Structure formats: C-alpha cells, structure tokens
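# Reading the structure
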Number of protein chains: 2
Amino acid sequence: MPDHRPHVDGARVLRDLKTLRGIGVYKTGVHKPTFSEAHMRSLTWLAERLPEAGLTAEIDGIGNVLGTSAKPGPKLLAGSHLESQNYAGWLDGPLGVVYALEAARVINPDPNATGAVEVAAWCDEEGHFGHFLGSRSYVGAVSEDDIDAARDRSSGRTMREALRDAGLAGRARASVERGRHIGYLEAHIEQGSTLESGGLSIGVVTSIVGIWQYRITFEGEQNHAGTTRMAVRKDAGLALARFCVDIDDRFPSLCGPRTVWTTGRITLDPGAPSIIPGRAEMLFQIRDDDPRVIERLEDLLRGMAADVSAKGRCTVTMERLRTGAPAMMDAGFQHAIEAASAAFAGGKSIRMPSGAGHDAQILATIMPSGMLFVPSIGGISHHWSENTGDADIVTGAEVFVDACRRLLAR
Amino acid sequence: MPDHRPHVDGARVLRDLKTLRGIGVYKTGVHKPTFSEAHMRSLTWLAERLPEAGLTAEIDGIGNVLGTSAKPGPKLLAGSHLESQNYAGWLDGPLGVVYALEAARVINPDPNATGAVEVAAWCDEEGHFGHFLGSRSYVGAVSEDDIDAARDRSSGRTMREALRDAGLAGRARASVERGRHIGYLEAHIEQGSTLESGGLSIGVVTSIVGIWQYRITFEGEQNHAGTTRMAVRKDAGLALARFCVDIDDRFPSLCGPRTVWTTGRITLDPGAPSIIPGRAEMLFQIRDDDPRVIERLEDLLRGMAADVSAKGRCTVTMERLRTGAPAMMDAGFQHAIEAASAAFAGGKSIRMPSGAGHDAQILATIMPSGMLFVPSIGGISHHWSENTGDADIVTGAEVFVDACRRLLAR
C-alpha cells in the first residue's frame, strides 16, 4: 500500500461521467459537436465544479476551460476534452477531464500532498473546426488568422460565428505560462482492444503516432452508363476501387508492426447511377510512430499513383493534407504511471503507443507529458456504443490520481 | 432522289436548338432540371412554336407538351424531352423535339403529304422525380399515388410542390387515344462512339436495353482509424472496393457482347477521415437487351455477395431497385429509317441497340415505335461538353423528316 492512499471517490467519478453523458445524450453515447449547446453546457458544468477542487475557473476565448490553483509548490496540468465526434461515445474526452477533476479534488485540499493539480478541458480536440485548436492555442500555435479561416467541417459555419453564438467572442485566449507546470497528464479510453484482450487494466502510453493524411484524386471521363462500351471507359470510380485494393495488398510488406491505414471517405462525381464517374476522390490516412515507415509507404503510394497514370486510362494526383510528427511520452511519467498501476491495478499494465491523436501530443511540444489508457469494451470507439466497465473506470481513476501524486512528490 | 423531297430547313433546326440551349445555358451545355424555371420556359417556347406546324398545343398536368392535329389521315407521334440532367449537354432531348417540330412544320402543311406529325415533349425523361414519368403518364402507367410519392432526387422537393410552383397543379394529364397513331418516332444523339468511329451518319435502333439497378450494402464495424489494428478491422469500405474490382474481373466471362455495368455512386458511413467505415453502399447498374444475360450476371453477383458474407468480416445485402425489360423497335420503322438514310445520308447507317433508356421504350408498350441516332462527338454525353457537328444535325433532320413521310405514306 502507498503511504498516502488517495481517497478517490469512485461513485463520484461515475456520477460525474453520467451527468456529462446526460448533456447531449444520444442512445448510450452523446452528440456534442464543438460549440453546440450541449458542449457549452458541459463546459459550464465543469467550470462550476472546479472551485470544489480549490481551483479558479475560466472559459477562455477559444472555449478552453482552465482551472488554476493558488496553492504553492509544483503544479501538474491534467485534462482532456468535452466535445464529441458526431453521434459518438460518452467517454472519449470526458473520462480524462473527470479523472483530472477527481485528482484535483483529492490532492489539492490534502495538506499531506505536495503541490496541486490544475485542470484543463481543451476545446475541439475532435477537430470539428481544425486540429487540436484548443491545446494548440494554449501552446501558442494558433493565430487569429487561423481562427478567421476555420469552419465547421459538417455545417460550414465559420468558427468566428460559432464563437460569437457561444458567447466567447472578444474573450482573451489563455496561454501557457512557461515553467509553471512540471508536466501534463491525460487519461483516455484505449479505443482499441489490446488491454481488454490481454486482461489488463492500464495502458502506459510510450508515444502518440503521427498522422499523415492525403486526398487522392482520380480523373477519368464522365460518360453515359448505357451507351459507353466497357472497352473505352475511363471510369474514375473503378480506378479508385482498384487503388484501395492495391494498397491493401501491397502495404503489409512495407509497413511497421503497428502501422494502420484507412480510406475514410470516397466521393464519386457526379455520383448518379446512370453516369460513369469522371472524377473520384478518397481521403486516405496513414498512422505510425516511425517517420521512416511513413516515408516508405508514401513512396510506395506515389509509385502506385504514377503507375495508374502511366497506364493512361485515368490520372491520379496525390495531395498531402496533414503531416503529423509522432510525440514521445516522457520516461518519468511512464514510470510514475507504472508505479501507480503496481499499487492500484495489481500491476496489470502494459506499455503501448497510442494510435489515436490526443491533446497530450500538443502539450508534449512544450512540457513533459504522459498518458494512461483504460480498457475499451470490444475496442469500439468513435461510435455511440463505446464503453468501459465501471470497475475499470474506477481503477483507472485510482491509478491516475496516484500517478499525479507521485509526479508532484518527485 | 425521293418523289417528295421534304424541304427541311437546316438553318431553322440549328437556330431552334441554339435558342433552347440559351434557356438555362451552362458552359456549352445546359442546366435544366425538371420543373426548373429554364425547363418551364423551354416548354412554353415549344408550345408557342406548335401552331406554326398546324398543331394545337397543350401543356398537361404532368408537364408533357403535346401538339395535336385536326388534319385527316394517319397520325405519327414524334418527340423526345426538354429537361436535362444537372449541368449536362444541350442535345440530349431537344434534338428529338426539334426534329419532330421540323417534321410537323414540313409535312403538316404539305398538300402532297399524307396525314400529320403530332409532337410530344415528354416530361422528366431524365428521371429527376422518377423514371419516364411523362411518357408513362401518357400510356396510363402513372397513378396519382405515384405522383404523391415522387420527390426530386437532388433537392428532396415533392413533385406535388414542384407541379404547383410550375403552375401545373390541378391540370388534367393527357392520355393516349388508342388507335390514333400509326406509331412513335424519336431521334436522339447516340451518346456513344459507334457512329463517329465508323464514319456513319445514322443509327437505326433495333432495341432499347433493359436496365437493372441494385443497391449493394456492406455492413462491417465502425471503429477508430488510429487504434484499431489492421488484423481485426471490419472495414465496409474496403469490402466494397474489393467487390467492385471482383465485378470487373469476373463479369467479362459471363456477359454478352454489349453488356455494360456501372457503379455510379459510393457512400461510406460515416465518411470521416479518422473513422473506419462501418457501412458502405454502392449503386450498381447492369444494362443488356437480353434478359438471360442479366439473369446470369445477377446470379453471379448474388454468389459473390454470399461469398463475402460467408468470410465473416462484412455482410453484404443486395436490393434490386429497378428492373427494366428491354423494348424491341418495330421492324417497319427500322426499314423506313434505313430507306430515308439511303436517300439523305448516302446509306451511311447501321442497325444498333440503344444502351440508354428513352421514352420510345415506354411508347413501344402500346404502339409500334422506332428511333434513330445521330453521331456524338467523342461519344460524350451526360456532360456539358456533349456535342454533334452541325452537318450531322442537319443530315439527321432530313433523314428523320423523310422517315416520317415514308411511315405516313405506307
């Protein structure tokens, strides 16, 4: 048993998570896009809880909620996000925020604990308007021009309009005070099945993979689906389908052990049943924590595209939309999480990279950062059926709060 | 030379076609969806021209324009349609209407000509609201319930609303008077490259292919594109792409010499770059004039779908949305077109099936029908760049009018 057992209130953690699910509920998940009424109510709910943890609450000009402490001693920043993907799960984001809140509630008033936990809910981690706009704003990587240009990817509404409607227009954006924090800790559901299938309780994140995203466009010839013989067609949709299959056949020989790739969207133009598509577009993503692997795969992809164009039926163009460097998690943080797991989760932890992007990768650019995962039932995520067992949620909270205490006590 | 050379006015035909292009022009084509303002103005334009050909004009309660003659003797019905696909070509439809108008202008006032040509512009051949609603209404195959249920496939607007806005609500729908016509003749651009590549002027249509259309749906498992390992994915989009490629690999061994098949639309659900598609859907179409070929291919398709489902990663369901029996063109009409081609196009004609659907297939269910094609430049159609050379347009008009005269004189 550790010297100072953190008095985590498991029932309170579960109750808070369920309260947040009640705001914008959809089936057993939530629909809480950035700056929606449900999202804003969630931010207010959090801001009202923070004083219970001895924190001063602020909702800044980009929708970040920050709770700061006047307590002397080291400060650890902890948090996650409160908006969701459309019609998605209830834990992706809120779990990390409620753990951070619980850590602050347990540690900050404790006279035996060193320092304080400060809480953050970063706005728009889910990327309705961009990529990690809230945490990137906090580290100084978002300009006013970026905000001027940002639009809701679903509705097309400008971010300025959304900020105005949310009552945030004109507020200052909070910026990190360099040197204030010993680092940043974030908890999240795994969103995969490694923990569940291994009978494990805690994932100790070693790195967050980089994401490379491409728009791949095929140009053929739009024509009538009844009168154009098969032999003379230049069907951009068929060329795209062949390309997807080729990727699936050829990537495995060059990828790393944990590389993943996904075609998430396909659009045929004009998209009518009686017209041969003259143009087709796919959004394609590769993730890995080794840039050399990405480089190899991107070379392969460009070669495949050139081959299709050389055959002359359709031309292929590739546009790189996003390049994400992988982020390494701090070794000391990994060690603290592992020690807390030994104390509160019977040591049932494993070190693993994160295949998903998280705000921790942004904070890692300016301070030591760490992440821990709890199991996801069936590995399901970004879907309303996403879930984690109550016992796993409570164990995760205990490990999280103990890890915070250990980091502050170093 | 024939006995009664029809005095086709080629300049007038070209001028009329260009006038119609001017109503709803888009680049060198038109954007004239059914019941759009441009479509309605085109119908009015035609109705105002019909009296010049001795015809009484009527726009009926479904948007058909009909010009009827009081002249004694046999009547030949001729026409096509005036609306277009979205952002499409200028000749698909108007060519056949202007040829019919020209035939009526030349033949009806001619005391040496037997009988009269009556003119029709059938509404919504392009299927914005359904399939051949105008011509099917005329032959008695559209109920009031069908109209209640019809919606614009682009905007979702109901057909009732569109009819009301077009000022057609409450008008009677015209019905065929059985026995009135010796048959129906329609001209159209080929929408393929057989005539152009063979240096030919006229296609004598033997049959109009049937269209079978399917919705094929793949169900997998929606999941996070970063955290779900490749080995455990159930990617519905990838299953769909493999299916498209399999169709392309396997259909050629079982299809007929002129079978065509097309995947015109693909939708991945939810369609986000960071989410593995849990559901994917394709609209798939097969066309042939031999129902036995279709049956063979449909069997193959169902077998392929069952194979995919049996492998267990994704399940496939196939729904047949549309079954179109092929329509045979009348032998006497084919002969008359061929004779007219010999007289006015140097005999440069070929018998060929139509891969596209046309109103003639609907009229063929109640009267002898025929069709002739003129060349399409580059075979391009259902695209704003669709075109036919002026000389070919005029030759087509001469053959069309002579064929009308021959049919009426039989």
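Keep in mind the model is a prediction, meaning the values are calculated, not measured. (Residues numbered from 1 in each chain as written. Chains lettered and ligands numbered in written order. Predicted model: local features only at pLDDT ≥ 70, side-chain atom pairs only at ≥ 80, totals over all residues. Heavy atoms only, no water.)

### Focus on the relation of the copies chain B and chain A
- Once chain B is rotated about the relating axis by 180° and shifted along it by 0.0 Å, it coincides with chain A to within an RMSD of 0.0 Å. Accordingly, the operation relating the two chain copies is best matched by a two-fold axis. No C-alpha of chain B approaches the rotation axis more nearly than that of Ala241 of chain B, which lies at 2.3 Å.
- The fraction of interface residues of chain B whose copies in chain A are also interface residues reaches 100%, indicating that both copies meet through the same surface. (Least-squares fit on C-alpha atoms with pLDDT ≥ 70 in both. Contact = heavy atoms within 4.5 Å.)

### Thoughts on the domain arrangement of chain A
All names here are of chain A.
- Here the domain parsing of chain A yields domain 1 (10-209 + 329-409) and domain 2 (210-323).
- Each of domain 1 and domain 2 was reduced to a C-alpha centroid, and the two centroids are 35 Å apart.
- Facing nine residues of domain 1, the contacting portion of domain 2 comprises seven residues.
- For the pair domain 1 and domain 2, the summed buried surface comes to about 660 Å²; carbon and sulfur atoms form 54% of the total.
- When residues of domain 1 are sorted by the area they lose upon contact with domain 2, His131, Val209 and Pro353 head the list and together hold 62% of the total.
- A per-class count over the side of domain 1 that touches domain 2 returns five nonpolar, four polar and no charged. (Domains from an automatic or database assignment. Buried area = accessible area lost by both parts, 1.4 Å probe. Nonpolar A, V, L, I, M, F, W, Y, C, P; charged D, E, K, R; others polar.)

### Structural notes on the UniProt feature "binding site: Zn(2+) 2" (unreviewed entry) in chain A
- Within the UniProt annotation, "binding site: Zn(2+) 2" (unreviewed entry) is assigned to Asp92, Glu126 and His382 of chain A. Spatially, the listed residues are clustered: although they cover 291 residues, their C-alpha atoms lie within 10.0 Å of one another. Checked against the lining of the largest pocket, the annotated residues just named reduce to Asp92, Glu126 and His382 of chain A.
- Locating Asp92 of chain A in the fold gives a position in the loop between strand S5 (75-80) and helix H3 (94-107).
- For Asp92 of chain A, a relative accessible area of 4% corresponds to the buried category.
- Residues contacting Asp92 of chain A, with those up to four places away along its chain left out, are His81, Glu83, Glu126, His188, Ile189, Gln191, Ser381, His382 and Glu386 of chain A.
- Polar side-chain contacts of Asp92 of chain A include one of 2.8 Å to the side chain of His188 of chain A.
- Here His382 of chain A shows up in the loop between strand S17 (369-374) and helix H12 (390-409).
- Given a relative accessible area of 5%, His382 of chain A falls into the buried group.
- Those residues in contact with His382 of chain A that sit more than four places away from it in its chain are Gln85, Ala88, Asp92, Glu126 and Gln191 of chain A together with Gln222, His224, Ser274 and Ile275 of chain B.
- Separated by 3.4 Å, the side chains of His382 of chain A and Asp92 of chain A make a polar contact. (UniProt positions renumbered as here; feature names shortened; annotations may be inferred. 1 Å grid on protein atoms, 1.4 Å probe; cavity = no way out; pocket = protein on both sides within 12 Å on 5 of 7 lines; lining within 4 Å. Helix = DSSP H or I, 4+ residues; strand = E, 2+ residues; numbered from the N terminus. Buried < 20%, exposed > 50% of the residue type's maximum accessible area, 1.4 Å probe, protein only. Polar contact = N/O pair within 3.5 Å; in protein donor to acceptor, adjacent residues only side chain to side chain.)

### A look at the UniProt feature "domain: Peptidase M20 dimerisation" (unreviewed entry) in chain A
- Within the UniProt annotation, "domain: Peptidase M20 dimerisation" (unreviewed entry) is assigned to residues 209-308 of chain A.
- From the first C-alpha to the last, residues 209-308 of chain A spans 30 Å; its make-up is 33% helix and 34% strand.

### Let's talk about helix H2 (residues 37-49) of chain B
Residues and elements named next belong to chain B.
- With 13 residues, H2 extends 19 Å from end C-alpha to end C-alpha; this agrees with the ideal 18 Å at 1.5 Å per step.
- The complete set of buried residues in H2 reads Ala38, His39, Met40, Ser42, Leu43, Trp45, Leu46, Ala47 and Arg49.
- Next to the buried residues of H2 lie helix H1 (10-22), strand S3 (56-59), strand S4 (65-68), helix H3 (94-107) and strand S6 (116-121). (Expected span 1.5 Å × (residues − 1).)

### Focus: the layout of surface pockets
- By volume, the largest pocket is sized at about 1,000 Å³.
- If you go around the largest pocket, you meet 40 residues; those closest to its centre are Glu126, Gly127 and Arg153 of chain A together with Ala272 and Pro273 of chain B.
- Elements with a minimum of two residues in the lining of the largest pocket: strand S9 (210-219), strand S13 (279-288) and strand S14 (315-323) of chain A.
- Among the residues forming the lining of the largest pocket, the class breakdown is 12 nonpolar, 18 polar and 10 charged.
- If you list the elements that add at least two residues to the lining of the second largest pocket, you get strand S9 (210-219), strand S11 (260-269), strand S13 (279-288) and strand S14 (315-323) of chain B.
- Here the lining of the second largest pocket takes five residues from S13 of chain B, the largest share from any one element. (Points joined across faces, edges and corners; volume = space filled by probe spheres on them.)

### Quick look at the interface of chain B and chain A
- Between chain B and chain A, the contact holds 51 residues from the first and 51 residues from the second.
- Across the interface of chain B and chain A, roughly 4,600 Å² is buried in total on both sides, 53% from carbon and sulfur atoms.
- The three residues of chain B that bury the most area against chain A are Met230, Pro273 and His382 of chain B, which together make up 12% of that side's buried surface.
- Summed over the shared surface of chain B and chain A, the number is four salt bridges.
- The partner of Arg242 of chain B in a salt bridge is Asp249 of chain A, and the shortest N-O contact between them spans 2.7 Å.
- Counting every contact that joins chain B to chain A gives 22 residue pairs in polar contact (both at pLDDT 80 or more). (Salt bridge = Lys/Arg side-chain N within 4 Å of Asp/Glu carboxyl O.)

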